[in-house]
Amino acid sequence: MANVLILGGGFGGVIAAESLARQLSKEHQITLVSRSSKFIFYPELVRLAFGKCEPDDISFDLREAMLDRRVRFIEGEVARIKPRSRKIVLAHGDVDGELPYDYLILALGRRLATERITGFYEHSHNLLTLEGALKFGDAIKDFHEGRAVIGQCPDARLPVPVYETAFALARLLEERGERERIRITIVSPDSDDLQFGDGDAARALHASLDKHQIEYLPDFPINTVTREALITSNGHAINHSLLMLLPPFRGPGPVIGLGITDNEGYIGVDWAMRVQGAEGMYAVGDCVNFSGPKMGHMAVHQAEVAAANVALEIADFDPVSAYVHEMMLVIDEGGGDTIYLHKGLWDDEPAIVRQGRFWSWAKRIHDKYWLTKHS
Ligand SMILES: Cc1cc2nc3c(=O)[nH]c(=O)nc-3n(C[C@H](O)[C@H](O)[C@H](O)COP(=O)(O)OP(=O)(O)OC[C@H]3O[C@@H](n4cnc5c(N)ncnc54)[C@H](O)[C@@H]3O)c2cc1C
């Protein structure tokens, strides 16, 4: 009998648990550990902030969902990992103390390094929790004049919700007849192709931003936020009256000091999603050290690969399932300028870029289907 432990109940953890439950026979034990028993479908948080859905529409109870799939769920905080003795240490939750494993899948997501931006917590809204999105939604209701600034801090690596928020805000202000009074600015720490590494996607996105009179300010590496202003490390500053920022990302806390991470704390993995330098350990999702943005569909694909390889190892075969790193996303403009982009990140093939109302609809249907299937 093998004992497989999965840490983190986000996209990566849930898919790894489900895939393993399908592939392993009943004598093997699968356990999912996460700090909260609530799964949150992050890509819908922009719509939540704009009142297009309710918290219950975009979250579900992991304990119940895992019970149906023969996976043991433990709510708890992973404090430490001990690769030599193949144990993890849990603090405050269902279990206090150590849990052993034969195989470990790390799906702990990214850490929000808000401490790197002075004033972030005090003065910026964010879209990284249900509560954060609802609070930002309340601020939007009370916002009637001035300048809205939306953007990423250096190393945030999550451009989609920034553009979607700017488009949703522009549309809402048009509906309220307030668009002329309000300036909307997107700030980005980078200068390249609006962060998608593709000229066609950048051109399509620039045209949509222009249509909505949304300014784009590249090379804007924020390091300080005050009540009224954003200040960069290269000496620029702009004022804001409404602010939504994504903070810098780093690798997760429990793997610090294990010798398996890069400079930013992301876990080093190979094509099979095996952690480099550790036995019986895999990692998937935002916590791994692959290039480009951090996205849910990547976490899902990586989790399927890791689960397939763990199942092979348990059956005494070599891992053969291979991950291919690609970016597939929809930037929902709310109408005909919605952009679909598909691009391989490990090859030089040109990206596939499509535009149209269909993609906005397709994203909604996909999200609803995903939530229904996995809840
Ligand atoms: C507003 C927003 C919009 C987005 N839009 C898109 C989109 O359109 N398309 C797309 O593909 N992606 C999108 N993403 C990105 C996507 O949500 C992430 O890439 C995805 O959630 C990563 O999944 P993960 O499983 O790696 O990590 P997470 O979903 O972050 O899950 C990590 C889990 O680990 C748990 N955890 C962490 N540390 C511990 C600990 N010490 N102990 C116990 N548990 C712990 C967390 O509580 C969490 O449950 C968006 C994200 C946001 C925030």
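Data block above holds the structure.
Residues numbered from 1 in each chain as written. Predicted model: local features only at pLDDT ≥ 70, side-chain atom pairs only at ≥ 80, totals over all residues. Heavy atoms only, no water.

### Here we look at the overall build of the chain
Phase 1 of the analysis: Helix and strand counts for the chain come out as nine helices and 21 strands.
Phase 2 of the analysis: In terms of C-alpha radius of gyration, the chain reaches 21 Å, essentially the compact-globule figure of 21 Å for 375 residues.
Phase 3 of the analysis: Its C-alpha atoms give the chain principal-axis dimensions of about 65 × 40 × 40 Å.
Phase 4 of the analysis: Split into buried and exposed, the 375 residues of the chain put 56% on the buried side.
Phase 5 of the analysis: Partitioning the intrachain contacts of the chain with sequence separation of at least 6 by distance along the chain shows that 64% fall at a separation of at least 24.
Phase 6 of the analysis: Counting every atom, the chain has about 16700 Å² of accessible surface; 49% of that belongs to carbon and sulfur.
Phase 7 of the analysis: Distance between charge centres in the chain, computed from 40 positive and 53 negative side chains, equals 2 Å. (Helix = DSSP H or I, 4+ residues; strand = E, 2+ residues; numbered from the N terminus. Rg over C-alpha atoms; globule rule 2.2 N^0.38 Å. Buried < 20%, exposed > 50% of the residue type's maximum accessible area, 1.4 Å probe, protein only. Contact = heavy atoms within 4.5 Å. Areas by Shrake-Rupley, 256 points an atom, 1.4 Å probe, with all protein chains shown as cover. Lys, Arg positive; Asp, Glu negative; His and termini not counted. Charge placed at Lys NZ, Arg CZ, Asp CG, Glu CD.)

### Brief notes about the pattern of salt bridges
Phase 1 of the analysis: Across all of its chains, the model carries 22 salt bridges by this definition.
Phase 2 of the analysis: Close ionic contact of Glu77 with Arg35 constitutes a salt bridge, the shortest N to O distance being 2.9 Å. In this pair, Glu77 sits in strand E5 (residues 72-82) while Arg35 sits in the loop between strand E2 (29-34) and strand E3 (38-40), placing the two residues 42 residues apart along the sequence.
Phase 3 of the analysis: Overall, the relative accessible area of 62% leaves Arg35 in the exposed class.
Phase 4 of the analysis: Ionic pairing is found between Lys141 and Asp138, a salt bridge with its closest N-O pair at 3.6 Å. (Salt bridge = Lys/Arg side-chain N within 4 Å of Asp/Glu carboxyl O.)

### Concerning the sheet that holds strand E14 (residues 229-232)
Phase 1 of the analysis: Ordered by their spatial adjacency, three strands build an open sheet running E13-E14-E15, and the pairing between neighbours is antiparallel. The open sheet has two free edges, formed respectively by strand E13 (222-225) and strand E15 (237-239), since each of these has just one partner strand. The sheet shows a mean angle of 25 degrees between the axes of neighbouring strands, taken without regard to direction.
Phase 2 of the analysis: With three bridges joining them, E13 and E14 adopt antiparallel strand pairing. (Pairing = 2+ DSSP bridges. Axes fitted to C-alpha atoms, helices over the stretch in contact; angles between N-to-C directions.)

### Looking at the site of the ligand
Phase 1 of the analysis: Taken together, 30 residues are adjacent to the ligand, and Gly12, Val78, Asp286, Met295 and Lys363 come closest.
Phase 2 of the analysis: Separating a nitrogen atom of the ligand from a backbone N or O atom of Arg35 is a distance of 3.1 Å.
Phase 3 of the analysis: Residue Lys363 places a side-chain N or O atom 2.9 Å away from an oxygen atom belonging to the ligand.
Phase 4 of the analysis: Coverage of the ligand by the protein chains reaches 93% of its 1000 Å² of free accessible surface.
Phase 5 of the analysis: The set of elements that each furnish at least two residues to the shell around the ligand consists of helix H1 (11-23), E5, helix H6 (160-175) and helix H8 (296-314).
Phase 6 of the analysis: The residue inventory of the shell around the ligand, partitioned by class, reads 14 nonpolar, ten polar and six charged. (Near = heavy atom within 4 Å. Polar contact = N/O pair within 3.5 Å; in protein donor to acceptor, adjacent residues only side chain to side chain. Nonpolar A, V, L, I, M, F, W, Y, C, P; charged D, E, K, R; others polar.)

### Notes on the nonpolar core
Phase 1 of the analysis: Counting residues in hydrophobic clusters, the biggest one holds 112 residues, and the most contacted among them are Ile81, Ile88, Leu106 and Met273.
Phase 2 of the analysis: The element best represented in this core is H8, accounting for nine residues.
Phase 3 of the analysis: In terms of nonpolar packing, the next biggest core, distinct from the first, is built from twelve residues, Phe120, Val149, Val187 and Leu243 among them. (Core = buried A, V, L, I, M, F, W, Y, C linked by side-chain atoms within 4.5 Å.)

### With respect to the sheet that holds strand E10 (residues 146-152)
Phase 1 of the analysis: Taken in spatial order, the four strands line up as E12-E11-E10-E16 in an open sheet, and their pairing is parallel. If you trace the sheet from one side to the other, it starts and ends with strand E12 (214-217) and strand E16 (242-246), each paired once. Ignoring which end each strand starts from, the neighbouring axes of this sheet average 15 degrees apart.
Phase 2 of the analysis: Inspection of the sheet shows strand E11 (residues 182-187) paired to E12 by four bridges, in the parallel sense. If you follow Ile184 over to E12, its bridge partner there is Ile214.
Phase 3 of the analysis: Here H6 sits on the sheet and contacts E10, E11, E12 and E16; the angle it forms with E11, its principal contact strand, is near 175 degrees.

### Structural notes on the packing of aromatic side chains
Phase 1 of the analysis: In the structure shown here, the tally under the stated rule is 14 aromatic pairs.
Phase 2 of the analysis: Seen in terms of ring centroids, Phe39 and Phe60 are 4.8 Å apart; in terms of plane orientation they differ by 20 degrees. Their pairing is stacked. On the criterion of sequence distance, the pair formed by Phe39 in strand E3 and Phe60 in strand E4 (residues 59-61) is long-range, its members being 21 residues apart.
Phase 3 of the analysis: Note on Phe39: relative accessible area 1%, which makes it buried.
Phase 4 of the analysis: Ring geometry for Phe50 and Phe136: centres 6.5 Å apart, planes at 90 degrees, overall edge-to-face. Taken as a pair, Phe50 in the loop between helix H2 (45-49) and E4 and Phe136 in helix H5 (residues 130-141) lie far apart in primary sequence, 86 residues in all.
Phase 5 of the analysis: These aromatic residues form a ring-pair network of at least three members: Phe11, Phe39, Phe41, Phe60 and Trp370.
Phase 6 of the analysis: A cation over an aromatic ring shows up here: Arg110 above the ring of Phe249, its NZ or CZ 5.0 Å from the ring centre. (Phe/Tyr/Trp six-rings, centres within 6.5 Å; stacked < 30°, edge-to-face > 60°. Lys NZ or Arg CZ within 6 Å of the ring centre and 35° of its normal.)

### Quick look at the pairing of strand E20 (residues 339-344)
Phase 1 of the analysis: Along E20, five of the six residues are buried, which leaves the element largely enclosed by surrounding structure.
Phase 2 of the analysis: Relative to E20, strand E19 (residues 326-331) runs antiparallel, the two being bridged by six bridges. Within E20, the residue paired with Met327 across the bridge is Lys343.
Phase 3 of the analysis: Where E20 and strand E21 (residues 352-355) come together, four bridges link them in antiparallel fashion. Looking at the pairing, His342 lines up with Ile352 of E21.

### A few points about the pairing of E2
Phase 1 of the analysis: Across the six residues that make up E2, a large majority, five, are buried.
Phase 2 of the analysis: When E2 meets E5, the two strands line up parallel, connected through four bridges. Counterpart to Thr31 in the pairing with E5 is Arg72.

Shape is all these values report; function is a separate question.
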